[in-house]
Amino acid sequence: MLLIRCPWCGDRPEVEFRHAGEAHIARPADPAMLTDAEWAGFLYERANPRGDYRERWRHIHGCGRFFNAQRHTLTDRFAGTYRPGEEPPA
Amino acid sequence: MDRRFSVFALAREALRGHAGWAPQWRSPERPQPAYDAVILGGGGHGLATAYYLAKEHRASLGPGRIAVLEKGWIGGGNTGRNTTIIRSNYLFPESAALYDHAVKLWEGLSAELNYNVMFSPRGVLMLAHSHHDVQSGMRHVHANRLAGVDNEWLTPAQCKAFCPPLDTSPAIRYPVLGGALQRRGGVARHDAVAWGYARAASALGVDVIENCEVIGITRDPASGAVTGVETSKGAVRCGRLGVVAAGSTSLVMAMAGLRMPLESFPLQALVSEPVKPVFPCVVMSNTVHAYISQSDKGELVIGAGTDQYPSYSQAGGVQILIHTLEAICEMFPIFRRMRMLRSWGGIVDVTPDRSPIIGLTPVPGLFVNCGWGTGGFKATPGSGHVFAATIARGEPHPIAVPFSLDRFATGRLIDEAAAAAVAH
Amino acid sequence: MRLATGGRIDRSRPLRFSFDGRAYTGFAGDTLASALLANGVQLIGRSFKYHRPRGILSAGAEEPNALVELDRGPGRREPNTRATMVPLTEGLVARSQNRWPSLGFDLGALAGLGAPLLPAGFYYKTFLGPGRDAWYRRWEPLIRRMAGLGRAPEAPDPDRYGNRHAHCETLVIGAGRAGIAAALAAAEAGDRVILCDEQAEPGGRLLLLPGPVPGLEALRAQPRLRILTRTTAFHYGLQNYVSLAEVLDRPDGLRERLWRVRARRVVLATGALERLLPFSGNDRPGVMLADAARAYVARWAVLPGRRAVLLAAHDSGYDAAFALQDAGAGVVAILDLRAAPPAALREAAAARGIAVRPAHGIAATRGGARVTGVLAAPLRPDGSPDAARAEALACDLVLMAGGWTPNLALFSQARGRLRWDAAADAFLPGETAEALECAGACATGRGPGLPLAAIAAGSLGARKAFVDPQNDVTTRDIALAVREGFRSIEHVKRYTTTGMATDQGKIGGMLGLAITAAARGQAIPEVGFTTFRPPYTPVSFGTLAGRHRAALFDPVRTAPTHAWAEAQGAVFEPVGQWQRARYFPRAGEDMAAAVARECLAVRNAAGLLDASTLGKVEVVGPDAAEFLERCYVNAFHGMRPGRCRYGLLLREDGFLYDDGVIARLAEDRFHLTTTTGGAARVLHLLEDYLQTEFPELRVWLTSNTEHWGVAALQGPAARAMLAPLVRGIDLAALPHMAVAEAEVAGIPAWLFRVSFTGEAGYEVNVPADRLAALWERLIAAGATPYGTEAMHVLRAEKGFIIIGQETDGTVTPEDAGLGWAIGKAKRDFIGKRSLARPEMLRPDRRQVVGLAPRDARVPEEGAQLLAGADRREAQGHVTSAYHSAALGRPIALGLLSAGRARLGETVFATRLDGVPQPLEVVSPVFWDPEGKRLHG
């Protein structure tokens, strides 16, 4: 049970949140311009790193907002969380 | 000496204090400088691949030198961390063909390997708790029967008769409305599968190298083709490289510059203390999230769900275990005084359509077999068999064709998850 | 034997109990183990594999041998319970297990005669025949019967289990000397403190000393400190999230309680565990850990034997021997595995008249169900006892002082690193990322004795020297595993099963590691160690599941008219968490009759459905239309307020995700419905796009599923029934797919003219708590209530799909025949790009069609569609099939390859009850194909 710091609400238990996948995968501005392979890259390909990982969470049973987090996927420890548009932790 | 296992061999050894048993597989400290085919990953799938390569395809592999490189100890990943459910009653014909190929191999595997993998076709019962579940279950039964895969529908009373500890009363939150039973399904002894394949492959000349981590993939600068791997025990040249690294696949493929449609999640399981036989079959409920059987040792073997976030920690949250046992107690109220003895976690590599990827990659000489998610154990022999043929021939085995990596670009997905809610 | 004085028992409170049907007495403060020992009972159970006699080895949670079945009445049978952890209670009924016909005479022990044939892993090498399925048919049933320990309960457990969440600044695990000190210091510094201990009484090894436990009074005076006894910290999660299992056994039926504690800081004061020693016959009842024997004397005034031999690898054993002697037992000899035991101890022993034999071990034990003697033997240079020079010593108790293993299971669970400390001859806590400290013996050990490596090396040749006494794993099994190539400690563990018994190797685990190292010819740290896995000790399923049963397993959601429907005798069905009325049978009606009547009522007059379970989302803001335009496939910009549209939502991969009615209530305000099951996920998806892809849009989303109750009044008589109740609008002027604000039956309402039946109809949205009132008025007006089953039939007659029934995550709008809904001029929407992938353009994709049986049978839902009765290739499947009362024949919908181009063709649907059934491929719209009735 992770303890997650919602940028708006503070530390809350993981059950209040829903994971929302890898962060910083922007939807292409004009999908029609993409090849099938490029579109598949956007839809499906993920970094899936062992180490620092930037991910999205939603405080679904709290304020309802999406935010980003940097977490190490081997230790599961958070370097920090940040609001959309903010810089990730160094 | 006669290296075959039998009760006679055991009796003979008993007379001399079991001094004559040799290592079950050769485990050279270091790899040779070159192989014709290297299998990266010493789990059940990787070892099976090596075994079938050596047994059926040596002629197409030049001198036929084959090695399995394992980062830790063989069978130490998901092979030794799953709940050992075996079945083939998948919805889509492509899936049913793959998994039934595996079940047919399971049925003769102990004899094939001369190693008792304890395949126990005690029947897998998949429960329905809503009319939607019933419709989905019936669709599976129809589809499987047409494909020649056994699957039958049981009424709640028949479910109770098949699995007496099951509460089929209307008192539970999601009463049982029926179930799909595959009698040929069952369980096997997971560790024995890795060891049995390792022993049999080793006997055919395969080098099984443990504690050998791959840290790089070398490629021909001109063609881009794989030329070998860099390992913690030195460089190894090879013409064909088969990656069977489960949860670590993304990391390995990244060494070849490939991004994969995979994410790795923690998956937990647990066992109870051992008790006398009380649970005769395997029961799965996707709706209530409970998967249970009883091992030959007497432990109730219970599968839990994945955590929601990707992780390589091999540890998940306690709330997952709690939710799982809530489901078990709800459906099997006599087990509330049983105790959880041990829990553990694995790392499962999950594809967007919850079906595996078996086949070629954009890099010549590089083959991949991954994405088995939460349900790979059951496929072990079939997966190894078709992957070996794929590596040897340089083109997908007919059963593997639909499971190609490029299906994500074309959109020809095999979405068992969408069709059945969960593909375990 | 009970001593006349001493101990921490309450001699004024005798308690009666039984074991294997024989009556005994003990005292309050006893454990079942101490009471059995007090009554001279040494044989408690049988081992797992060879069914060897097993007694009491320890005095704590680490007990591998003394496992019993407790029986507290129907549903309260409890297998594999450690007798050392059960406080004695009046009337306690305990039984031995894993024996037949009796504990004293167990036929299973014949397995012991075959032991040479049954070394580690024997089952992998045998049972390979005769025949293909010999294992399953012939051998596995035998093995299964022999295996297992106790019997599972047979009846549902009537007890209750509690659940608490707690936060504290300091959680201290273990209430021994170190734990008490840490808790006191933290409490005095102002922390909220929780101190837990698995034993019934706090104190740990301080309980071995007479008198009150030092520090306990001071602790009890702390107002912000909570002491939990019989409470085991069993799971250590990330960020100091620790789960505790508290045993209560309260008379009101509250049996156990799960605590989930988030602590700012954790202090592990879990002590050290004494190890057994590997020598031949070390498993016989009467062979006991030295410190445990000392505990039985000191805490429970029980003498576990009258003539004791101590086998020592560590100084601490001498204390036990002396304590036994002080209590009246004879100490026959102290055999010290060390060549040079400390002079002070030798002198102390000599002063007591006890002979110490340095460099001596035990070559074998004598006895059957109880040890009667040992062969004391000098050690050879390799550390093994020299049986040829052995001397028989009669005794009824053998104490093992094997040295101590710091108890770091929880530290390891907390992902702390263990480091080998050569001086301590033990793994000690290393780095950890948690705010976690170790204190006391778990941090430092309890001083080195004879090195583990030396103990292991001397035991490799021993016969029947058990490392895991419950699973019957001997030193030779481990050596065999290594010889067979199982070199990793994880392999050794799995091949031999050492450390996998219910005690999880607490007593023998380190020894198994040392023996593996010795067999490999390596040092212990080179072998590494196996992972410590939760739980620390076994925890009952009930404790974890708590009160989450039946209705508390998952919330039950009910529609506003649920009580009314229940009173009418409705039959309900689960739809996700909802309970929905499926049909309303009248007297004498079965389901088919009721559904047929309800359908005809809708077609011929008017029916009334509670549609409140549909998800409802309000989309508000200046950019609301633009937002929906970007999400749904439909076009919204040209939509006028007061109009409704059938909306389709895809996933980004192009497959149908949800559908519903989208109504424009005002320029900047939309009301959209989702499927019943899709409400939460649709809102989640819309929020995702709004917050992260389109944050520039000024739009707000609000779920109001629970706010609105929805009465769907459908049928040719609907308007006539509804009109008299409506104020504020002209109902006749409200066209199909329109919405208006009105007052209905005096209730403010949004009135939708929409239809999921093909009949003219209305969906009246009123505040949920007022729906029942409206409902009764409409019933009074003559509407016939109908349930979800009739709803399914009615929509199928019209060819309306249901998401999740006609679709399964692989169906596009075009496949479903809904391509018309897509805004053709739209540049983009969620999933649009995916629809252009090659696979989506294949002409043979499966498409929704109608299927008209050529006979009178209703096809089976899920049936596979074939081009010919004898074909084997599925071309699709039947998604829905019903008897249509309105049409007087069965109808079906299905997904069929290239189906829309095959109208008029005959296909065949598989049947479980016989040969495939011929069906004609037809339009999915069976009823009123021109749609005239909608506008009637």
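None of these values were measured; they are calculated from a predicted model.

## Quick look at unusual backbone geometry
All names here are of chain C. With omega at 5°, the peptide bond leading from Trp100 into Pro101 counts as cis. Residue placement: Pro101 occurs in the loop between strand E7 (92-95) and helix H2 (110-113). Here Pro534 and Pro535 are connected by a cis peptide whose omega angle stands at 0°. Of note, Pro535 is situated in the loop between helix H16 (524-527) and strand E29 (539-540). Here Asp20, not a glycine, exhibits a phi torsion of approximately 50°, which is positive. With respect to the helices, strands and loops of the structure, Asp20 is situated in the loop between strand E1 (10-19) and strand E2 (22-28). Judged by its relative accessible area of 29%, Asp20 is partly exposed. One non-glycine residue with positive phi stands out, namely Asp249, at about 45°. When you line up the elements, Asp249 lands in the loop between strand E12 (241-247) and strand E13 (254-268).

## Examining the packing of helix H7 (residues 290-300) of chain C against helix H8 (residues 316-326) of chain C
When two helices pack together, their arrangement is given by the angle between their axes and by how far apart the axes lie. All names here are of chain C. Here H7 crosses H8 at 35°, and the two axes come no closer than 8 Å. At the point where H7 passes H8, the crossing takes the left-handed sense. Across from Ala290, Ala293, Arg294 and Val297 in H7, the residues of H8 making contact are Gly317, Asp319, Ala320, Ala323 and Leu324. In terms of residue class, the contact of H7 with H8 is made up of 6 nonpolar, 1 polar and 2 charged.

## A look at the UniProt feature "domain: GCVT N-terminal" (unreviewed entry) in chain C
Sites flagged by UniProt as "domain: GCVT N-terminal" (unreviewed entry) map to residues 562-826 of chain C. As a span, residues 562-826 of chain C carries 26% helix and 31% strand, and end to end its C-alpha atoms are 42 Å apart.

## Re the sheet that holds strand E17 (residues 330-336) of chain C
All names here are of chain C. Spatial strand order, E15-E22-E16-E17-E18: 5 strands in an open sheet with parallel pairing. At either margin of the open sheet sits one strand with a lone partner, and together these are strand E15 (287-289) and strand E18 (356-358). On average, adjacent strands in this sheet sit at an angle of 20° to one another, irrespective of strand direction. Looking at chain direction, strand E16 (residues 307-312) and E17 are connected through 6 bridges and run parallel. The partner of Ala312 across the bridge, within E17, is Asp336. Here H8 sits on the sheet in contact with E16, E17, E18 and strand E22 (397-401), set at roughly 170° to E17.

## Regarding the interface of chain B and chain C
Interface size is commonly expressed as the accessible area that is lost once the parts come together. In this complex, chain B contributes 104 residues to the contact, which on the side of chain C involves 114 residues. In total, chain B and chain C occlude about 9,500 Å² of area from one another, counting both sides; carbon and sulfur atoms represent 57% of this. Among the residues of chain B in contact with chain C, Leu146(B), Arg336(B) and Arg337(B) are the three that bury the most area, contributing 11% of the side total. Two residues, Arg122(B) and Glu140(C), come together in a salt bridge whose shortest N-O distance is 2.7 Å. The tally of links from chain B across to chain C stands at 57 residue pairs in polar contact (both at pLDDT 80 or more). Here the side of chain B that touches chain C gets 10 residues from one element, more than from any other, and that element is helix H5 (residues 131-146) of chain B. For the side of chain B that touches chain C, the residue count by class is 54 nonpolar, 27 polar and 23 charged. Pairing of strand E16 (residues 339-350) of chain B with E29(C) involves 2 bridges; the strand directions are antiparallel. Counted as the bridge partner of Met340(B) is Val539(C) from E29(C).

## Some thoughts on the pattern of salt bridges
This structure, assessed with the given rule, holds 94 salt bridges over all chains. Among the salt bridges present, the one from Asp36(B) reaches Arg65(B), with a minimum N-O distance of 3.3 Å. Linking Asp36(B) in strand E1 (residues 34-40) with Arg65(B) in the loop between helix H2 (44-56) and strand E2 (66-69), this pair joins segments that are 29 residues apart in sequence. According to the relative accessible area criterion, Arg65(B) is partly exposed, its value standing at 38%. A salt bridge links Arg380(C) to Asp386(C), with the shortest nitrogen-to-oxygen separation between them at 3.7 Å. Given a relative accessible area of 13%, Asp386(C) falls into the buried group. Several salt bridges share partner residues, and in doing so they unite Glu273(B), Arg337(B), Arg339(B), Arg76(C), Glu78(C), Asp157(C), Asp159(C), Arg255(C) and Glu256(C) into one network.

## A few points about the domain arrangement of chain C
Its domain assignment divides chain C into domain 1 (10-117), domain 2 (159-271 + 405-448), domain 3 (276-402) and domain 4 (842-935). Inter-centroid distance (C-alpha atoms) of domain 3 of chain C to domain 4 of chain C is 83 Å.

## What to know about the interface of chain A and chain C
Residue-level contacts link 29 residues of chain A with 26 residues of chain C. Of the roughly 2,400 Å² buried at the junction of chain A and chain C (both faces included), carbon and sulfur atoms supply 47%. Counting across the interface, chain A meets chain C through 7 salt bridges. For the interface between chain A and chain C, the tally reads 21 residue pairs in polar contact (both at pLDDT 80 or more). Listing elements by their share of the side of chain A that touches chain C, those giving two or more residues are helix H1 (36-44) and strand E4 (52-58) of chain A.

## A few points about the environment of Gly73(C)
Position of Gly73(C) relative to the elements: it lies in the loop between strand E5 (67-71) and strand E6 (77-82). Between the C-alpha atom of Gly73(C) and that of Leu248(C), which follows or precedes it by 175 residues, the distance is 17 Å.

## A few points about the sheet that holds strand E46 (residues 864-866) of chain C
Residues and elements named next belong to chain C. Pairing within the closed barrel is antiparallel, and its 6 strands lie in the order E45-E48-E47-E46-E49-E50. Adjacent strand axes in the sheet meet at a mean angle of 45° when their direction is disregarded. Sheet topology note: the E46/strand E47 (residues 876-884) ladder contains 2 bridges and is antiparallel. Residue pairing for E47: Gln864 is matched across the bridge by His877. Along the sheet face, helix H24 (residues 788-797) touches E47 and strand E48 (889-897) and points at about 110° away from the line of E47.

## Focus on the environment of Glu806(C)
All names here are of chain C. Secondary-structure assignment places Glu806 in the loop between H24 and strand E45 (846-853). You can call Glu806 buried: its relative accessible area is 1%. Among all residues touching Glu806, those that are not within four sequence positions of it are Arg795, Phe800, Ile801, Val811, Val848, Thr879, Ser880, Leu893 and Leu895. Polar contacts involving the side chain of Glu806 include one to the side chain of Arg795, which spans 2.9 Å.

## Considerations on the packing of aromatic side chains
Applying the stated criterion across every chain yields a total of 43 aromatic pairs over all chains. When the ring of Tyr296(C) is compared with that of Trp300(C), the centres are 5.2 Å apart and the planes differ by 40°; the resulting orientation is tilted. With Tyr296(C) and Trp300(C) both in helix H7 and 4 residues apart, the pair spans about one turn of that helix. With respect to burial, Tyr296(C) and Trp300(C) carry one shared label: buried. If you follow Lys125(C) out to its NZ or CZ, it ends over the ring of Trp21(B), 3.7 Å from the centre.

## As for the nonpolar core
Residues Phe332(B), Phe335(B), Leu32(C), Tyr296(C), Ile334(C) and Phe541(C) are the most contacted members of the largest nonpolar core, which totals 168 residues. Among the elements that line this core, the one with the most residues is helix H9 (residues 318-331) of chain B, at 8 residues. The contact partners of Leu32(C), leaving out residues within four places of it in the chain, are Phe17(C), Val68(C), Leu70(C), Ala83(C), Val86(C), Leu88(C), Leu92(C) and Ala94(C). Counting 74 residues, the second largest nonpolar core, distinct from the first, contains Ala48(B), Val193(B), Phe367(B) and Phe486(C).

## Some thoughts on a nonpolar patch on the surface
On the surface, Trp100(C), Phe105(C), Leu107(C), Leu110(C) and Leu113(C) cluster together to form a nonpolar patch covering roughly 610 Å² of accessible area. Positionally, Trp100(C) belongs in the loop between E7 and H2.

Parameters at a glance
Residues numbered from 1 in each chain as written. Chains lettered and ligands numbered in written order. Predicted model: local features only at pLDDT ≥ 70, side-chain atom pairs only at ≥ 80, totals over all residues. Heavy atoms only, no water. Helix = DSSP H or I, 4+ residues; strand = E, 2+ residues; numbered from the N terminus. Buried < 20%, exposed > 50% of the residue type's maximum accessible area, 1.4 Å probe, protein only. Axes fitted to C-alpha atoms, helices over the stretch in contact; angles between N-to-C directions. Left-handed = near helix turned anticlockwise from the far one by under 90°. Contact = heavy atoms within 4.5 Å. Nonpolar A, V, L, I, M, F, W, Y, C, P; charged D, E, K, R; others polar. UniProt positions renumbered as here; feature names shortened; annotations may be inferred. Pairing = 2+ DSSP bridges. Buried area = accessible area lost by both parts, 1.4 Å probe. Salt bridge = Lys/Arg side-chain N within 4 Å of Asp/Glu carboxyl O. Polar contact = N/O pair within 3.5 Å; in protein donor to acceptor, adjacent residues only side chain to side chain. Domains from an automatic or database assignment. Phe/Tyr/Trp six-rings, centres within 6.5 Å; stacked < 30°, edge-to-face > 60°. Lys NZ or Arg CZ within 6 Å of the ring centre and 35° of its normal. Core = buried A, V, L, I, M, F, W, Y, C linked by side-chain atoms within 4.5 Å. Patch = residues over 30% accessible without salt bridge, like charges linked within 9 Å, V, L, I, M, F, W, Y side chains within 5 Å. Areas by Shrake-Rupley, 256 points an atom, 1.4 Å probe, with all protein chains shown as cover.

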